[in-house]
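Topology and contacts: notes
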Amino acid sequence: MSQVKENDTVRVHYTGKLSDGQIFDTSAEREPLEATLGQGLLIPGFEKAIIDMKVNEKKTVTIPKEEAYGDIQEELFHKVDNAQLPEEVKPEVGMGLVSRGEDGREHQFRVAQVNDDHIIVDGNHPLAGQDLTFDLELIEIK
């Protein structure tokens with residue numbers, strides 16, 4: 001029976017959990033995730049966990065933050081004066097915001113703190129700084 005190797009395209013069902021058991025994402029009610037390994041589309045630890053799996057194999061892995069979304073980077077927190085926000089935006093902690101950079105690219109932020117005259121936004125991935133546990137089931141190697 002063949003095993004997953006570098007650059008294979010695979011279909012995987014997964015359930016991702018935080019260290020407290022809270023599920024943050026799952027493919028259970030939808031099609032399995034399909035991805036080609038080695039293209040940088042998956043977090044490194046997820047790819048590593050799939051290598052050498054066989055079709056229909058199931059396993060649970062814990063991926064350290066260093067192989068997931070990394071540590072929280074303080075330089076990705078930014079102060080934004082309320083005057084810079086569109087009038088219709090009423091910021092709340094946890095709210096997602098999008099900013100367009102000078103190069104035209106969009107940047108995702110979450111509101112981390114709301115003050116009288118400014119907010120603090122966080123540009124880190126929402127799962128940065130956390131170890132992640134995944135229940136995996138390899139469905140297919142293409």
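Look a little higher up for the structure.
Below is a short write-up of the structure. The residue numbering used here restarts from 1 in each chain and proceeds along that chain's sequence as written. Restriction of local features to residues with pLDDT of at least 70 applies here, the model being predicted, together with a cutoff of 80 or more for giving and counting side-chain atom pairs; totals for whole chains, interfaces and linings are based on all residues. Only hydrogens and water are set aside when side-chain values are computed; all heavy atoms of the structure are taken into account.

Our focus in this paragraph is the overall build of the protein. Where helices and strands are cited, they refer to DSSP runs of H or I of at least four residues and of E of at least two residues respectively, numbered from the N terminus. For the protein, the count of helices and strands is one helix and nine strands. Whereas a compact globule of 142 residues would reach a radius of gyration of roughly 14 Å, the protein reaches 19 Å, over 25% beyond that. Considered along the principal axes of its C-alpha atoms, the protein spans approximately 60 × 35 × 30 Å. Using a 1.4 Å probe on the protein chains alone, a residue whose accessible area is under 20% of its type maximum counts as buried, one over 50% counts as exposed, and one in between counts as partly exposed. Sorting the 142 residues of the protein into buried and exposed places 31% on the buried side. Here a residue-residue contact requires only that any non-hydrogen atoms of the pair lie within 4.5 Å. If you take every contact in the protein between residues at least 6 apart in sequence, the share linking residues at least 24 apart comes to 62%. Only the protein chains shown count as cover for residues, and the accessible areas themselves come from Shrake-Rupley with a 1.4 Å probe. Split by element, the accessible area of the protein, about 9,100 Å² in all, is 46% carbon and sulfur. Under the convention used here, Asp and Glu are negative, Lys and Arg are positive, and both His and the chain ends fall outside the count. To locate a charge, take atom NZ for lysine, CZ for arginine, CG for aspartate or CD for glutamate. Placing the 15 positive and 29 negative side-chain charges of the protein at their respective mean positions leaves the two points 6 Å apart. Using C-alpha atoms as the atom set, the radius of gyration is obtained and then compared with a globule rule of 2.2 Å times the number of residues to the power 0.38.

Here we come to unusual backbone geometry. Phi is positive for asparagine 7, which is not a glycine, with a value near 70°. The topology assignment puts asparagine 7 in the segment before β1 (9-17). Look at asparagine 7 and you get exposed, because its relative accessible area is 53%.

By definition, two strands form a pair when at least two bridges between them are found by DSSP. One open sheet holds the four strands; their spatial order is β5-β8-β7-β6, and the pairing between them is antiparallel. Of all strands in the sheet, those with a lone pairing partner are β5 (77-81) and β6 (96-100), marking the two edges. Each neighbouring strand pair of the sheet contributes to a mean axis angle of 45°, computed without reference to strand direction. Pairing between strand β7 (residues 106-114) and strand β8 (residues 118-122): four bridges, direction antiparallel. Bridge pairing links valine 114 to isoleucine 119 in β8. All axes here are fitted lines through C-alpha atoms, helices being fitted over the stretch that makes contact, and every angle between N-to-C directions spans 0 to 180 degrees.

With that settled, the discussion passes to the nonpolar core. Among the nonpolar cores identified, the biggest contains 21 residues, and Phe46, Ile50, Phe134 and Leu136 are the most heavily contacted of them. Among the elements of the structure, β1, α1 (44-50), β4 (58-63) and β9 (132-141) are those that each provide at least two residues to this core. Broken down by element, this core gets its largest block of residues, four residues, from β9. Discounting residues that sit within four places of it in the chain, phenylalanine 134 has contacts with Tyr14, Thr15, Gly16, Phe24, Ile43, Phe46, Lys59, Thr60, Val61 and Ile63. To qualify as a nonpolar core, a set must consist of buried Ala, Val, Leu, Ile, Met, Phe, Trp, Tyr and Cys residues joined through side-chain atoms within 4.5 Å. Counting seven residues, the second-largest nonpolar core is a separate cluster that includes Val80, Leu85, Leu97 and Val111.

The next thing to look at is the environment of glutamate 74. Looking at the secondary structure, you find glutamate 74 in the loop between β4 and β5. Looking at glutamate 74, the relative accessible area reads 58%, which means it is exposed. Separated by 48 residues in the primary sequence, glutamate 74 and aspartate 122 have C-alpha atoms spaced 8.6 Å apart.

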